[in-house]
Protein chains: 2
Amino acid sequence: MSDAQPEPTLDRPAVLERKGAFADRDAWIASGWCRLESALEVVGTRSAMVLVREVFYGATRFDELVRRTGLSEAVASGRLKDLVGHGLLERRPYREPGARTRDEYVLTDLGSRLFPVVVGLMAWGEDLRDDHHSGVQLVHRDCGAALEATVRCTAGHDVPLDEGAVRLKDEDWARGAVRRA
Amino acid sequence: MSDAQPEPTLDRPAVLERKGAFADRDAWIASGWCRLESALEVVGTRSAMVLVREVFYGATRFDELVRRTGLSEAVASGRLKDLVGHGLLERRPYREPGARTRDEYVLTDLGSRLFPVVVGLMAWGEDLRDDHHSGVQLVHRDCGAALEATVRCTAGHDVPLDEGAVRLKDEDWARGAVRRA
DNA sequence: CCCCTGACTTCTGACAACCCAAGTCAGGGT
DNA sequence: ACCCTGACTTGGGTTGTCAGAAGTCAGGGG
């Protein structure tokens, strides 16, 4: 069986269509190019994701984050430093009268842009389970309907998996990179 | 500073609004309820995600998956078994004339529903990097525009972070669960 | 029977993630 | 100066993930 582009049929599930030079997928195996892996290096740990989750739920203080995530203080501290360093969170000093200066952790724009990922993972996690009573649900504040992550293109079209494609970002650049390697 | 619902202001980034009994977030700290963590238990490893990625790009055969992910055979084999066991992939025997029976790995419906997560992580990973030449881009097959993951409610509204909320899925059930613990 | 080949299993070792416990550091107040 | 408190650091231990290497298993063909 050659690596032809798989055709969706009743028993062949859809996948992305490979376009341009990427149709020959095996010609483009390079380390360090994958944005998925870049993302996972930053948020690919349970501790990062549960901290991000709690910040999305409104926690800002270290003690809240530790309590609500169940992480140890050592892990929370280290991971928060990491997330701040990567630009997902920002650390801001604040002070209540009569108390010491403390820091709160707030989302940056980059951190906020993880929202669809968090929504998507939570919706997907729901699919995994038989139990539909425990836990929380993300909803639309005004209408109450459940949230889900969807895929769209920058031109505004809804794009299901079978209408998606994958291509090299910059074919000329990639050809040069392969030549230089 | 009390854990009031944070109000979005110019310098206070948006977060989800906590609704109903979940407004008191600290009252609902329980292990095992979180769908995000359920999801991460299945796909929260680099090996799982890069395998899923390659299946989305059209790979089906073991040797393709090993080569394109760069994973060791041992890791790929174990992780594929895991993904099949969790229902993301299905293993199907096929046979070319004159060759032995082999298995291909194809997406199940559950696996396909990771599409927005993969798109979201890749888009987010792009935000992380300075380099916009290397790697691939996910695009809309017909119009060529880049894909992104967005959040919408099941009623069809687009829901940015500041219009999202989080509530207990089943307040009565949750009250009972806390009482029983 | 043997051979080939693809997939899997086993083993070793390195590293990362995370828990727990103890201790240190630093910002304020008195 | 001391004290309190919140956040961080350090150390030890466990577990999981993964690479690399070697070996085994299993499906076919001759």
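Above this text you will find the structure in question.
Residues numbered from 1 in each chain as written. Chains lettered and ligands numbered in written order. Predicted model: local features only at pLDDT ≥ 70, side-chain atom pairs only at ≥ 80, totals over all residues. Heavy atoms only, no water.

Asks: Teacher, can you tell me more about the protein's contact with DNA strand D here?
Replies: Neighbouring residues of DNA strand D: 22 residues in total, closest Arg-91 and Arg-102 of chain A together with Ser-47, Arg-95 and Thr-101 of chain B. The contact atoms of DNA strand D, taken as those within 4 Å of the protein, divide so that sugar and phosphate hold 74%. At 2.4 Å, a side-chain N or O of Ser-47 of chain B approaches a phosphate oxygen of DNA strand D. At a separation of 3.1 Å, a base nitrogen of DNA strand D approaches a polar side-chain atom of Arg-100 of chain B. Here the surface near DNA strand D gets 4 residues from one element, more than from any other, and that element is helix H4 (residues 73-85) of chain A. Each residue belonging to the surface near DNA strand D can be placed in one class, and the counts come to 6 nonpolar, 6 polar and 10 charged. (Near = heavy atom within 4 Å. Polar contact = N/O pair within 3.5 Å; in protein donor to acceptor, adjacent residues only side chain to side chain. Helix = DSSP H or I, 4+ residues; strand = E, 2+ residues; numbered from the N terminus. Nonpolar A, V, L, I, M, F, W, Y, C, P; charged D, E, K, R; others polar.)

Asks: Looking at this model, I keep getting lost on the interface of chain B and chain A. Mind explaining?
Replies: Frequently, the measure chosen for interface size is the accessible area removed from exposure when the parts meet. Each partner contributes residues to the interface: chain B has 107 residues there, and chain A has 107 residues. Where chain B abuts chain A, roughly 10300 Å² becomes buried across the two surfaces, and 59% of that area is made up of carbon and sulfur atoms. Asp-26 of chain A is paired through a salt bridge with Arg-68 of chain B; the nearest N and O atoms lie 2.9 Å apart. Inspection of the chain B/chain A interface yields 56 residue pairs in polar contact (both at pLDDT 80 or more). The greatest single-element share of the side of chain B that touches chain A, amounting to 13 residues, is contributed by helix H6 (residues 115-128) of chain B. Of the residues that constitute the side of chain B that touches chain A, the class distribution is 53 nonpolar, 20 polar and 34 charged. In this sheet, strand E4 (residues 136-140) of chain B lies alongside strand E6 (residues 164-168) of chain A in antiparallel orientation, the contact comprising 5 bridges. If you follow Gly-164 of chain A over to E4 of chain B, its bridge partner there is His-140 of chain B. (Contact = heavy atoms within 4.5 Å. Buried area = accessible area lost by both parts, 1.4 Å probe. Salt bridge = Lys/Arg side-chain N within 4 Å of Asp/Glu carboxyl O. Pairing = 2+ DSSP bridges.)

Asks: How should the environment of Cys-143 of chain B be read in this particular structure?
Replies: In this structure, Cys-143 of chain B sits in the loop between E4 and strand E5 (147-153). Given the relative accessible area of 37%, Cys-143 of chain B is considered partly exposed. Sequence-wise, Cys-143 of chain B and Val-118 of chain B are 25 residues apart; in three dimensions their C-alpha atoms are separated by 20 Å. Sequence-distant contacts of Cys-143 of chain B, defined by excluding residues within four places in its chain, comprise Cys-153, Ala-155 and His-157 of chain A. (Buried < 20%, exposed > 50% of the residue type's maximum accessible area, 1.4 Å probe, protein only.)

Asks: Would you mind showing me how to read the sheet that holds strand E1 (residues 17-18) of chain A here?
Replies: Where strands meet in a sheet, backbone hydrogen bonds hold them as pairs that are either parallel or antiparallel. Pairing is mixed in the open sheet, where 3 strands are placed in the order E1(A)-E6(A)-E4(B). Edge positions in the sheet fall to E1 of chain A together with E4 of chain B, since each of these pairs with one other strand and no more.

Asks: What exactly am I supposed to notice about the protein's contact with DNA strand C here?
Replies: Close contacts around DNA strand C come from 22 residues, with Ser-47, Arg-95 and Thr-101 of chain A together with Glu-73 and Arg-102 of chain B the closest. In the interface set of DNA strand C, defined as its atoms within 4 Å of the protein, sugar plus phosphate atoms amount to 77%. One of the backbone nitrogen or oxygen atoms of Ser-72 of chain A is found 3.2 Å away from a phosphate oxygen of DNA strand C. A distance of 3.1 Å separates a base nitrogen of DNA strand C from a polar atom in the side chain of Arg-100 of chain B. Of all elements in the fold, only helix H2 (46-56) and H4 of chain A together with helix H3 (62-69), helix H4 (73-85) and strand E3 (101-107) of chain B reach the threshold of two or more residues within the surface near DNA strand C. With 4 residues, the single largest contributor to the surface near DNA strand C is H4 of chain B. Looking at the surface near DNA strand C residue by residue, the classes come out as 6 nonpolar, 6 polar and 10 charged.

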